Amino acid sequence: MSEQTKVTGIILSVYPVGENDRRLTILTKERGKLQVFARGSRRPKHPLFGVTQPLIYCEFMVTDTRNYTYLNSAECKDYFHFLKDNLEDIYYSSYFAEVAEYFTMEGQDERNILNLLFVTFLAMKKKLIPLSLIRRIYELKILQFAGFGLQCFQCVHCGNDENLLRISFEDGGMLCSTCAAKGQGREVSSSVLYVLQYVSSVPLNQLYSFGLKETIEKEFEWVVNRYFTIHVEHKFKAAEMLAIV
C-alpha cells in the first residue's frame, strides 16, 4: 500500500488535465522538481481548488504510485499576494518561475534555486531596485547554480586574475589583457566587472541589496542578457510578455 509523504515548496506551473484535474510542477525542498496530479482540483468547491494555483508556497501531502504522484492535501504557507498586484509583477514572477522550472530536475537537490526564488520574490515586494535589474541578477545567479556560471574572477583562457578587461560570451568568462590582445571579447567596465563578481559571490540574502547608476545598470543588464541568450537557447513564453511591458 502506498504511503503519504510530506513535501514543501512553491508551485511553479499548473496545467489542466481532463475535465476536472490539474498537473502541478512543484519545486520542493525534499525532492527537487516534482510533477504531481491533483484530481478534482479544478472544481471550484473542491478542497484543493485554492491551493493548486501557481506561485504559492505550501506543505503538500502526496502519494507515490508506480506511474504517478498524486496530491492528497495541501496547507498554504504563503500566497505571495503581492506578486499579483499588477501585470508587470505577474509577468516577471511568471518568468522567474518558468526559468526555475527549466533549470531544475526531479530527484535533485534544488534548494539553492528554491531559495533564489524566495529572495527574488522578496526583492519584488520591497521594490528597492527596478524589476529589469532584478531579472538580470536572477538570470546570472540561476546560471551559476545550474553549472553555467560566468567566470569573472580570472581569465577564462589562462587563469590570470589581473587586468580582466574584456568578456568572451562564447567561452563563458573574462579575458585578461594578454588574451584580449588577440582581438577577442567585448570590453567591460571595471564597475560592471565588480557587479558581476559581487552577484557571483554574495550570499543570497544580500543579492538584491544594491543599486546602480543608470549607465552601469544598462551595461550590466546588456552583458547578462547577452550571456544568458548565448548559453540558453530555450525560448521562454513569459519573456515574450515581458517584452511588451
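Computed from a predicted model, the values in this text were never measured in an experiment. (Residues numbered from 1 in each chain as written. Predicted model: local features only at pLDDT ≥ 70, side-chain atom pairs only at ≥ 80, totals over all residues. Heavy atoms only, no water.)

This part covers the domain arrangement of the chain. For the chain, the assigned domains are domain 1 (4–79) and domain 2 (87–243). Each of domain 1 and domain 2 has a C-alpha centre, and the two are 30 Å apart. With 13 residues of domain 1 at the contact, the number on the domain 2 side is 17 residues. Together, Leu-27, Lys-33 and Leu-55 form the three largest contributors to the area buried by domain 1 at its contact with domain 2, with a combined 42%. Linking domain 1 with domain 2 are seven residue pairs in polar contact (both at pLDDT 80 or more), by the criterion used here. (Domains from an automatic or database assignment. Contact = heavy atoms within 4.5 Å. Buried area = accessible area lost by both parts, 1.4 Å probe. Polar contact = N/O pair within 3.5 Å; in protein donor to acceptor, adjacent residues only side chain to side chain.)

So, about the pattern of salt bridges. Evaluation of the coordinates by the stated rule reveals six salt bridges. A salt bridge links Arg-135 to Glu-139, with the nearest nitrogen and oxygen atoms 3.0 Å apart. Within this pair, Arg-135 and its partner Glu-139 are both found in helix α3 (residues 131–145), separated by four residues, close to a single helical turn. Taking the relative accessible area as the measure of exposure, Arg-135 reaches 14% and is therefore buried. Taken together, the salt bridges that share partners define one network made up of Arg-135, Arg-136 and Glu-139. (Salt bridge = Lys/Arg side-chain N within 4 Å of Asp/Glu carboxyl O. Helix = DSSP H or I, 4+ residues; strand = E, 2+ residues; numbered from the N terminus. Buried < 20%, exposed > 50% of the residue type's maximum accessible area, 1.4 Å probe, protein only.)

The next thing to look at is the pairing of strand β6 (residues 164–168). Where β6 and strand β7 (residues 173–176) come together, four bridges link them in antiparallel fashion. Across the sheet, the residue bridging to Ser-168 is Gly-173, located in β7. The loop that links β6 with its antiparallel partner β7 comprises four residues; one of these, Gly-172, has a positive phi angle of about 90°. Where β6 meets strand β8 (residues 186–187), two bridges bridge the pair, whose relative direction is antiparallel. Across the sheet, residue Ile-167 finds its bridge partner in β8, namely Arg-186. (Pairing = 2+ DSSP bridges.)

What follows covers the packing of α3 against helix α6 (residues 214–231). Across the interface, α3 lies against α6 with an axial gap of 9 Å and an inter-helix angle of 40°. It follows from the interaxial angle that α3 and α6 lie oblique. Taken as a pair, α3 and α6 cross one another with a handedness that is left-handed. Between α3 and α6, the residues in contact are Ser-132, Leu-133, Arg-136, Ile-137, Glu-139, Leu-140 and Leu-143 and Glu-217, Phe-220, Glu-221, Val-224, Asn-225, Tyr-227 and Phe-228, respectively. (Axes fitted to C-alpha atoms, helices over the stretch in contact; angles between N-to-C directions. Parallel < 35°, antiparallel > 145°, perpendicular 65-115°, else oblique. Left-handed = near helix turned anticlockwise from the far one by under 90°.)

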